[in-house]
Amino acid sequence: QVQLVESGGGSVQAGGSLRLSCAASGYTYSSNCMGWFRQAPGKEREAVAAIHTDGGDITYYTDSVKGRFTISQDNAKNTVYLQMNSLKPEDTAMYYCAAGRFPCYFSDYVGLWGQGTQVTVSS
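Attention here is on the structure that accompanies the text. None of the values given here were measured: they were computed from a predicted structure.

**Examining the sheet that holds strand E3 (residues 18-25)**
Across the sheet, four strands lie side by side as E1-E3-E8-E7; this open sheet has antiparallel pairing. Only two strands of the sheet have a single partner each, and these edge strands are strand E1 (3-7) and strand E7 (69-74). On average, adjacent strands in this sheet sit at an angle of 15 degrees to one another, irrespective of strand direction. Direction of pairing for E1 relative to E3: antiparallel, over a ladder of five bridges. The residue of E3 that forms the bridge with Glu 6 is Cys 22.

Here it is as structure tokens:
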């Protein structure tokens, strides 16, 4: 069965770090993009970062995470990572892995979603 499985969420104090992982299994859909979205209570879902999985260096970051978050991939493991440093309380949200066609930081280009992993940053 095609699925995306996230891990690595949790609770951390402001200034701390977390690394999210997203493992794709059974995903033979013609995707070339994986990314991360987040949704905080009462707010709209927003794209956080994305990577062109065939393009190596082509990445996208929303302005609020530039310089703090890094998206990377391990093609051998069909896994995408989101390294989150210098976390802020406003980063608190449910984080969702997404896969689809580039530019999958637009949700219309997403063909598959993960179940989500919670990130909580306390001040």
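There is more to say after this.
**Structural notes on the side chain of Thr 117**
The residue Thr 117 is located in strand E11 (residues 117-122) in this model. For Thr 117, the side chain forms a polar contact with the main-chain nitrogen of Gly 9, separated by 3.3 Å. Setting aside anything within four residues of it in sequence, one finds Thr 117 in contact with Glu 6, Gly 8, Gly 9, Leu 20, Ala 93, Met 94 and Tyr 95.

**Quick notes on the pattern of salt bridges**
Summed over the entire model, instances satisfying the criterion amount to four salt bridges. Of the charged contacts in the structure, one is a salt bridge between Asp 91 and Arg 38, with a shortest N-O distance of 3.0 Å. Here Arg 38 lies in strand E4 (residues 33-39) and Asp 91 lies in the loop between strand E8 (79-84) and strand E9 (93-100), a separation of 53 residues in the sequence. By relative accessible area, which is 1% here, Asp 91 ends up buried. Note that Asp 63 is salt-bridged to Lys 66, the shortest N-O span being 3.0 Å. With respect to burial, Asp 63 and Lys 66 carry one shared label: exposed.

Reading the values: rules and limits
Residues numbered from 1 in each chain as written. Predicted model: local features only at pLDDT ≥ 70, side-chain atom pairs only at ≥ 80, totals over all residues. Heavy atoms only, no water. Pairing = 2+ DSSP bridges. Helix = DSSP H or I, 4+ residues; strand = E, 2+ residues; numbered from the N terminus. Axes fitted to C-alpha atoms, helices over the stretch in contact; angles between N-to-C directions. Polar contact = N/O pair within 3.5 Å; in protein donor to acceptor, adjacent residues only side chain to side chain. Contact = heavy atoms within 4.5 Å. Salt bridge = Lys/Arg side-chain N within 4 Å of Asp/Glu carboxyl O. Buried < 20%, exposed > 50% of the residue type's maximum accessible area, 1.4 Å probe, protein only.

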